[in-house]
Amino acid sequence: MTPPPETAVSQEIPDFPAPRSSGCPFDPSPEMRALSDRGPVTRVRSWGGSTPWAITGHAEQKALLADARLSVDFTRPGYPSPVDPRYTHAGGTTDLSFVGMDDPEHNRLRRMISGAFTVKRVQAMRPAVQRMTDSLIDEMLAGPKPADLVQALALPLPSLVISEMLGVPYRDHGFFQRNSRTMVSAVATGEERHAAHTALSEYLDDLVGRKTAEPADDLLSALGRRVEAGELTRREAATMGVLLLLGGHETTANMISLGTLLLLRHPDQLAAVRDATDQRAVDDAVEELLRYLSIVHLGRRRTAVEDIEVGGRTIRAGEGVILLGELANRDPRVFPDPDRLDVTRDARGHQAFGAGTHHCVGQPLARLELQVVYPTLLRRVPTLRPAVPLEDTRFKYDAVIYGLHELPVTW
């Protein structure tokens, strides 16, 4: 796709659109799709009249995600906030540990926990994840119909898994799920998000202290040992705990419920997942669902620290950049017929987990949970179906991470 001259783009800059709409809840909104028609690198108008660059092309996005000239530091001038700055807390954007840091500090903190998420270590958890999944489905089948799949399975499974990894008591799941929802809300006030973050930080700080005094075989205890060794401050350890607890359940919960509903609306694709006889087929299906749904739907945000040439454009130092994974994952130059759900396609080039040094550290765990839960649920409940029409389903248009508020199902 050949972009129009840069001077032409500046004459008419579209507002940054709503990422989804009720008319196509599984797809980027028509207004979002229109950005791709303007070229892989184009201006958009955001809060307060700022005009960051929207990156819609797959190749352009992959290159920029690996480019050290883009900063994730949300305190930099020009950073394109995903929420209206009028609703940010007076004290600044909520601290989410190394997610908002550039190297070398980002790498220093990230490597302290990355060993817990290696493919080998995560795959060793498969039997435990399978047991948890079966137990939750048992409870759902023994309960009343219809059931809310979000509360019965999608939310508790990743919450149980990350609680066990971190050493967080699962009995506190109501507390951390409630505060996590507030933190990823696009409509909560800055004060509400700040209060939620403070509550979680204080909770994790107390846990780190207890784990330091009485260590166990879990990630918070490992962080506590680093605090004792002087490699981390206790605040850094607690903030990393908040990030892992939030990221470890919120995103996967949304993928479980949203992916299940999508499959229920595509019976042929559902059958392919349910009847898969080898693990590779299940793995391919999970990658396609991740590509197709792209639940990080407000873009990955950056600020240029140097001039960057990409896609026939020049991004100047100090300008904001929004990398739109939901459009890159529908790029026909990479994924033929991209709006068609095909669980047999090779979708491994998707960018649902980002790319480069800031790719999601927990992606092996998310993949494992999805690889277990989809075929298990569909095989054990072959008559599963939505209990309400699509138009009555409550999608998370109001959140930074897309998904479902609830999914009533019956069987």
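This is a predicted model, so every value here is computed, not measured. Here the residue index of a chain counts from 1 through its sequence in written order. With pLDDT at 70 or above as the cut-off, local features in this predicted model cover only qualifying residues; side-chain atom pairs require 80 or more to be listed or tallied, and sums for whole chains, interfaces and linings still use all residues. Working from all heavy atoms in the structure, the side-chain values ignore hydrogens and water.

Details of unusual backbone geometry
Put simply, the rule is: A run of DSSP states H or I qualifies as a helix once it reaches four residues; a run of E qualifies as a strand once it reaches two. Both are numbered from the N-terminal end. Throughout this description, buried means an accessible area under 20% of the type-specific maximum (1.4 Å probe, protein chains only), exposed means over 50%, and partly exposed covers the range between.
The amide bond that connects D103 to the next residue, P104, takes the cis arrangement and shows omega of 10 degrees. A cis amide bond links K145 to the next residue, P146, at an omega of -5 degrees. Backbone geometry at S294 places phi at a positive 40 degrees, although glycine is not the residue there. With respect to the secondary-structure elements, S294 resides in the loop between α14 (279-293) and β5 (300-304). A relative accessible area of 5% places S294 in the buried class. Look at D337: it is not a glycine, yet its phi comes out positive at around 50 degrees. Among the structural elements, D337 can be located in the loop between α15 (325-328) and α16 (363-380).

Looking at the confidence of the model for the protein
Just so we agree on the cut-off: Per-residue confidence from the predictor is given as pLDDT, running between 0 and 100. In this analysis, two residues are considered to be in contact whenever any of their non-hydrogen atoms come within 4.5 Å of each other.
Taken over all residues, the pLDDT of the protein has a mean of 92, while the share at 70 or more is 94%. Note that pLDDT drops below 50 for residues 1-10; the model gives that stretch 17 contacts with residues more than four away or on any other chain. The model gives residues 86-93 a pLDDT under 50, and that stretch makes eleven contacts with residues more than four places away or in other chains.

Some remarks on the pattern of salt bridges
Defined as follows: The term salt bridge refers to a pairing of a side-chain nitrogen on Lys or Arg with a carboxyl oxygen on Asp or Glu at a separation within 4 Å.
In the structure shown here, the tally under the stated rule is 26 salt bridges. Taking the shortest distance from any N to any O, the salt bridge between D134 and R380 comes out at 3.4 Å. With a gap of 246 residues between them, D134 in helix α6 (residues 126-142) and R380 in helix α16 connect regions that are remote in the sequence. Under the relative-accessibility criterion, R380 is labelled partly exposed at 33%. Among the salt bridges present, the one from D284 reaches R280, with a minimum N-O distance of 3.1 Å. Placement of both D284 and R280 in helix α14 is noted, with a separation of four residues, approximately one turn of the helix. Judged by its relative accessible area of 12%, D284 falls in the buried class. R280 gets classed as partly exposed once you look at its relative accessible area, which sits at 48%.

Considerations on helix α12 (residues 234-264)
The condition is simple: Multiply 1.5 Å by the residue count of a helix minus one, and that product is the helix's expected span.
If you check α12, its first and last C-alpha atoms are 45 Å apart, about what 31 residues at 1.5 Å a residue would give, namely 45 Å. Burial of α12 is extensive: 26 of the 31 residues sit out of reach of the surface.

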